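Here is what each chain is made of, one letter per residue.
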Amino acid sequence: MESLVMPRYGAGALADVIPSLLAGLQVPDMVNVLDLPSARKVCVLLVDGLGWRLLQTYRDDAPFLSSLVAGREPITAGFPSTTVTSIAALGTGLPPGEHGLVGYSFAISDTELLNALTWSRHGLRHAKDLRSQAFPEQIQPRRTAWERATDAGVAVRFVTPHAQESTGLTRAVLRGGAFRKVHALGDLAGRALEALGEDGRSLCYAYHADLDTLGHVYGPGSDPWRYQLAHIDRLAATIAGRLPRAGMLIVTADHGMVTVAEEDRIDFDAHPRLHDGVRMLGGEARVRYLYTESGATEDVLDRWHEMLGEQAWIVRRDEAIEAGWFGPRVADHVRDRIGDLIIAARGNIAVIRSALEPRQSQLVGHHGSLTADEQLIPLLVFHNSQ
């Protein structure tokens, strides 16, 4: 079993990327802890699901990106290593304990789980949109790094899929910039370069989701995944080759991914004994939050230890907070969103829910935990110094 990889909040985590870049863009009170070059025009390309180890393994499929690896070390995603939490960390410049989006799904009351990716009630076959009840601006009330950049006169542009402009997650963590909606790789490159061509200081955030999708469906490292990686490599090379003078491209990711075989899926819905004392089950397959009945936490802990043994890190909420899984601080309003117990998978297991989460339960690729495959992500830099 691999060792736990702790997120390096404040010294080498995804939450440190935008503040480090904004320091170079002369935004007040920002610190360049990642020692990134300064540039007046910056594009941050986030490739969903591009783990550091995957890029190293399949370097031949991505020659341009691999050429940027030399001399660089990976950074960490944060916990959980999942899209919601990572995009929030990037957008706010804060660890999860402060921005509060502590996973794919988490408690917002004693009886309700929020699926923060779809901003709907989790666990229902017909999801109910919660944007008018669980206001994104209240679930994540902190000012974003984008807002601080805009206040300082930096032109912030979001180059993202057209469907993302008004989602709950977007409202929570992408406040402060103007959207340039896209449909495919071609206009993603075009819109990003248009943003960098505007007058003055500019910061463009470009997001690509399809590598993650293919990793989930076919598995990371599968042929479809590798073909997509090659397309992304060409995308990054296209942007880099057309950067304006003194422009910079940063390529990073929100998490890595592991392959979970069918025999390694532990089905919560098929093990009634695992339900005893558990009032809600949040998170996702590689990291689960157990919200327990009053007084039942220790009994639940024992049962899950008996089932999973050394296949998972199983910790109480206070232990995870004390260990810094969510950052150096956890805000008071965030604390109860975290499960009473946290199940973080080791190896290649996953805790699925075949009845309540049928689609997710069939996925091949998963992420969320504290293994190196999931935690370590690239931070690649191409600077047009001409």
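Each value, and the rule that gives it
Residues numbered from 1 in each chain as written. Predicted model: local features only at pLDDT ≥ 70, side-chain atom pairs only at ≥ 80, totals over all residues. Heavy atoms only, no water. Helix = DSSP H or I, 4+ residues; strand = E, 2+ residues; numbered from the N terminus. Rg over C-alpha atoms; globule rule 2.2 N^0.38 Å. Contact = heavy atoms within 4.5 Å. Areas by Shrake-Rupley, 256 points an atom, 1.4 Å probe, with all protein chains shown as cover. Lys, Arg positive; Asp, Glu negative; His and termini not counted. Charge placed at Lys NZ, Arg CZ, Asp CG, Glu CD. Buried < 20%, exposed > 50% of the residue type's maximum accessible area, 1.4 Å probe, protein only. Pairing = 2+ DSSP bridges. Salt bridge = Lys/Arg side-chain N within 4 Å of Asp/Glu carboxyl O.

Points about the overall build of the protein chain
From N to C terminus, the protein chain includes 17 helices and 19 strands. Taking 2.2 N^0.38 as the reference for a compact globule, 386 residues should give roughly 21 Å; the C-alpha atoms of the protein chain span a radius of gyration of 20 Å, in line with that estimate. When the backbone C-alpha atoms are referred to their principal axes, the protein chain occupies close to 65 × 40 × 35 Å. Pairs at least 24 residues apart make up 73% of the contacts formed inside the protein chain by residues separated by at least 6 positions. Working note: accessible area of the protein chain is about 15100 Å², and carbon and sulfur atoms make up 47% of it. Of note, the protein chain has its 38 positive side-chain charges centred 7 Å away from the centre of its 47 negative side-chain charges.

Section: helix H1 (residues 17-24)
Within H1, 7 of the 8 residues are buried, which leaves it mostly tucked inside the rest of the structure. Turning to H1, its buried residues number three or more, namely Val17, Ile18, Pro19, Ser20, Leu21, Leu22 and Gly24. In the segment just after H1, glutamine 26 is the residue with positive phi, at about 65°.

Thoughts on the pairing of strand S8 (residues 202-208)
The buried count for S8 comes to 7 of 7 residues, which makes it a mostly enclosed element. Residue alternation in S8 divides its side chains into two sets, Ser202, Cys204, Ala206 and His208 and Leu203, Tyr205 and Tyr207, and both sets are buried. Both strand S1 (residues 41-47) and S8 contribute to a ladder of 7 bridges, which runs parallel. Bridged to valine 47 within S8 is histidine 208. In the sheet, strand S6 (residues 155-159) pairs with S8 via 5 bridges, with the strands oriented parallel. Within S8, the position partnered with phenylalanine 158 by the bridge is tyrosine 205.

A short note on unusual backbone geometry
The omega angle of the peptide bond from phenylalanine 79 to proline 80 is -10°, so this bond is cis rather than trans. Within the element layout of this structure, proline 80 appears in the loop between strand S2 (75-76) and helix H4 (83-92). Positive phi outside glycine occurs at aspartate 29, with the angle close to 65°.

Section: the pattern of salt bridges
Per the counting criterion, the structure on display carries 23 salt bridges. One salt bridge connects arginine 191 with glutamate 194, and the closest N-O pair in it is separated by 3.4 Å. Placement of the pair is arginine 191 and glutamate 194 together in helix H9 (residues 185-196), with a separation of 3 residues, close to one helical turn. Exposure remark for glutamate 194: the relative accessible area of 48% places this residue in the partly exposed category. Taking the shortest distance from any N to any O, the salt bridge between aspartate 340 and arginine 317 comes out at 3.4 Å. Pair noted here: aspartate 340 is in the loop between helix H15 (332-335) and strand S15 (341-345) and arginine 317 is in helix H14 (residues 317-323), with a separation of 23 residues, a long-range link. Of the two residues, aspartate 340 and arginine 317, neither departs from the other in class, the shared state being buried. Within the structure, one salt-bridge network assembled from shared partners comprises Glu98, Arg142 and Arg329.

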